[in-house]
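# Structural overview
Here is how the chains run, residue by residue.
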Amino acid sequence: ASSIYQKANTFSKEVSDLENLLLPTDSNLSTAIGDFFSSLQDIAAYPDDQAPRIVAIEKGKDLAGQFNLYSDRIENLKNDIEKKAQNAVTSVNLLTQQISNINGKILASGIEAGGSNALLDQRDLLLDQLSEVTQITVSYGGKGQAEVRLGNTGSGPVIVSSNDNPSKGTTGTTVIDIINQGSRLQPVVGTSQTATNQIQGGIIAGMVEAYAISDDTLKEIDALATLVSERFNEVNQSGLNLNGEKG
């Protein structure tokens, strides 16, 4: 439940930042498009007048500037989201290492049923913190040592082993990472960076989805810019200049 909440909360915060970038202000893309096409109507109304043409050129520059501004803002937002996702990955790897160390202490303890209450409390606190960052499934060994898998299926990659003991030199954790695939952020596991779809909850999942919707929005704005440019060029080529010549 914690991982699902954290995913939704993280996604909501990042999308709110995206919405704030797109909300209309005194100078925005919608206004720039309207002003540009209004200036073209003035040219059609007064084809022999040079003034409307000069105004239209300036309005065209303003429109291009607005497209570039929106593109830059969303790219910056994507970069921020990626940095936050990387920070979340770092947190996961630090937490799993701490859990593995607790496992080692539990295994080394002389208590048959498990470690001391203090150790078990530390284990549970770390697991709670980990579940906020990424979705996990936890099972326990005979002495209370934790095995942690990514995802909620119980079949995800093991990121903390319940058998290995770091105090004896055996690796008890598997690192995770996030790689940038251009339009998407992809969680990966291990030194081989094997892609995984097991992270469907937690802060990381929220960041992954927020990055995807930000990139989709950027593509839509780029497509709109291309469409406006193509349609304007088509109309411009079919029109007449001040000398009555086509183009």
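Anyway, here's the lowdown on the structure attached to this text. (Residues numbered from 1 in each chain as written. Predicted model: local features only at pLDDT ≥ 70, side-chain atom pairs only at ≥ 80, totals over all residues. Heavy atoms only, no water.)

This next bit is on the environment of S39. By the secondary structure assignment, S39 is in helix α2 (residues 29-45). Residues S39 and I57, 18 residues apart in the sequence, show an inter-C-alpha distance of 8.8 Å. Once residues lying within four places of it in the same chain are set aside, the contact partners of S39 are P52, V55, A56 and K59. (Helix = DSSP H or I, 4+ residues; strand = E, 2+ residues; numbered from the N terminus. Contact = heavy atoms within 4.5 Å.)

Turning next to the sheet that holds strand β1 (residues 136-140). On the basis of which strands lie adjacent, the open sheet formed by three strands has the order β1-β2-β3 and antiparallel pairing. The sheet terminates laterally at β1 and β3 (158-160), the two strands that pair on one side only. Strand-to-strand twist of the sheet, defined as the mean angle between neighbouring strand axes without regard to direction, takes the value 35°. As paired elements, β1 and strand β2 (residues 146-150) share five bridges and run antiparallel to each other. Within the sheet, the bridge partner assigned to Y140 lies in β2 and is A146. Against the sheet, helix α4 (residues 117-133) contacts β1, β2 and β3, and its axis sits at roughly 160° relative to β1. (Pairing = 2+ DSSP bridges. Axes fitted to C-alpha atoms, helices over the stretch in contact; angles between N-to-C directions.)

Residues in a regular strand point their side chains to alternate faces of the sheet. Where strand β4 (residues 176-180) lies against strand β5 (residues 185-189), five bridges are found, and the strand directions are antiparallel. Within β5, the position partnered with D177 by the bridge is V188. Connecting β4 to the next strand, β5, in antiparallel fashion are four residues, including G182 with a positive phi near 95°.

Across a sheet, paired strands are connected by hydrogen bonds in the backbone, their directions being either parallel or antiparallel. Strand order in this open sheet of three strands is β4-β5-β6, and the pairing throughout is antiparallel. The two strands at the open ends of the sheet, each matched to only one other strand, are β4 and β6 (194-195). Contacting β4 and β5, helix α3 (residues 50-108) runs over the sheet at an angle of about 165° to β4.

The next subject is unusual backbone geometry. One non-glycine residue with positive phi stands out, namely Q193, at about 50°. Position of Q193 relative to the elements: it lies in the loop between β5 and β6.

What characterises a pair of aromatic rings is the spacing of the ring centres plus the angle enclosed by the ring planes. In total, this model carries one aromatic pair according to the counting rule given. Summarising the aromatic geometry, the rings of F36 and F37 are spaced 5.4 Å apart at their centres and angled 70° between planes, so their arrangement reads as edge-to-face. F36 sits in the buried class, given a relative accessible area of 6%. Stacked on the ring of Y70, the Lys or Arg R73 has its end atom at 6.0 Å from the ring centre. (Phe/Tyr/Trp six-rings, centres within 6.5 Å; stacked < 30°, edge-to-face > 60°. Buried < 20%, exposed > 50% of the residue type's maximum accessible area, 1.4 Å probe, protein only. Lys NZ or Arg CZ within 6 Å of the ring centre and 35° of its normal.)

An ideal rise of 1.5 Å per residue puts 24 Å on 17 residues; α4 measures up with 25 Å between its terminal C-alpha atoms. What α4 keeps buried is the set L119, R123, L126, L127, L130, S131 and V133. Looking down the long axis of α4, one finds its buried residues gathered within 150° of arc, a one-sided arrangement. Every exposed residue of α4 that faces more than 90 degrees away from the buried side is listed here: N117 and D121. (Expected span 1.5 Å × (residues − 1). Arc of directions from axis to C-beta.)

Moving on, we get to the side chain of T196. Structurally, T196 can be placed in the loop between β6 and α5 (202-238). A polar contact of 3.1 Å, which involves the side chain of T196, links it to the backbone nitrogen of Q198. Beyond its immediate sequence surroundings of up to four residues, T196 is in contact with L150, P157, Q186, P187, V188 and V189. (Polar contact = N/O pair within 3.5 Å; in protein donor to acceptor, adjacent residues only side chain to side chain.)

Okay, the packing of helix α1 (residues 2-22) against α3 next. Interaxial distance between α1 and α3 falls to 10 Å at its minimum, and their mutual angle equals 170°. Between α1 and α3, the interaxial angle falls into the category roughly antiparallel. Residues E14, D17, L18, L21 and L22 of α1 pack against Y70, R73, I74, L77, I81 and K84 of α3. For the contact of α1 with α3, the per-class residue count stands at seven nonpolar, no polar and four charged. (Parallel < 35°, antiparallel > 145°, perpendicular 65-115°, else oblique. Nonpolar A, V, L, I, M, F, W, Y, C, P; charged D, E, K, R; others polar.)

With that out of the way, let us pick up the pattern of salt bridges. In the structure shown here, the tally under the stated rule is ten salt bridges. Notably, a salt bridge pairs E14 with K84, separated by 3.0 Å at the nearest N-O pair. On the criterion of sequence distance, the pair formed by E14 in helix α1 and K84 in helix α3 is long-range, its members being 70 residues apart. Across the salt bridge formed by D215 and K219, the nearest N and O atoms sit 2.3 Å from each other. Of this pair, D215 and K219 both sit in helix α5, four residues apart, roughly one helical turn. (Salt bridge = Lys/Arg side-chain N within 4 Å of Asp/Glu carboxyl O.)

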